Amino acid sequence: MVLIAEPAYQEATYRCDRSMRAHLLAKQKVEAEPSAETVRELQASEIALIDCQDYDLLRKRLMLIGLDETALGYMALKTIEAKATDLQDVIEIHEIRY
């Protein structure tokens, strides 16, 4: 089952991660440069967080059929690191900036 679910879970993980990063950056931009444009960008990034809802629903369905946190975490880590081309990319992927 893991092999069947892995591509969908990896895509959901990547989309949610990307959406959360874009939302964080948009919030920081509004704080640094408040304007109608930065507020619109923040609102757009909030809508994109629906990707995280999709991720969470898929995660819960996979847990219901028996996948555990370790298997899900492994699939997610493989996805995130597959997008990185070198060590600096891996660091940036896992690093949260304030």
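This text goes with the structure placed above it.
Here is what the cut-offs are and how they apply
Residues numbered from 1 in each chain as written. Predicted model: local features only at pLDDT ≥ 70, side-chain atom pairs only at ≥ 80, totals over all residues. Heavy atoms only, no water. Helix = DSSP H or I, 4+ residues; strand = E, 2+ residues; numbered from the N terminus. Contact = heavy atoms within 4.5 Å. Expected span 1.5 Å × (residues − 1). Buried < 20%, exposed > 50% of the residue type's maximum accessible area, 1.4 Å probe, protein only. Arc of directions from axis to C-beta. Disulfide = S-S within 2.5 Å.

S.K.: Lay out the environment of Tyr9 with the relevant residues and their values.
M.R.: By the secondary structure assignment, Tyr9 is in helix H1 (residues 2-32). Sequence separation between Tyr9 and Asp54 is 45 residues; the distance between their C-alpha atoms is 9.7 Å. Residues contacting Tyr9, with those up to four places away along its chain left out, are Tyr55, Leu58, Arg59, Leu62, Leu72, Met75 and Ala76.

S.K.: Break down helix H3 (residues 50-64) for me, citing the residues and quoting the values.
M.R.: Between its terminal C-alpha atoms H3 stretches 21 Å, which fits the 21 Å expected from 15 residues at 1.5 Å a residue. Within H3 the residues assigned to the buried category are Asp51, Cys52, Tyr55, Leu58, Arg59 and Leu62. Axial view of H3: buried residues confined to an arc of 125 degrees, hence all on one face. Gly66 sits one or two residues past H3 and shows a positive phi near 115 degrees.

S.K.: Before we move on, could you go through the state of the cysteines and cite the residues and values that matter?
M.R.: Structurally, a disulfide amounts to a covalent bond that connects the sulfur atoms of two cysteines. Applying the stated rule across the entire model yields 1 disulfide. Linked covalently through their sulfurs, Cys16 and Cys52 form a disulfide whose S-S length is 2.2 Å. A torsion of 100 degrees about the S-S bond marks the disulfide between Cys16 and Cys52 as right-handed. Linking Cys16 in helix H1 with Cys52 in helix H3, this pair joins segments that are 36 residues apart in sequence. Its relative accessible area of 6% is what places Cys16 among the buried residues. Judged by relative accessible area, which is 14%, Cys52 ranks as buried.

S.K.: Account for the side chain of Ser19, naming residues and giving values.
M.R.: Within the secondary structure, Ser19 is located in helix H1. The buried category is assigned to Ser19, whose relative accessible area is 4%. Ignoring any residue separated from it by four or fewer positions in sequence, one finds Ser19 in contact with Ala48, Leu49 and Asp51.

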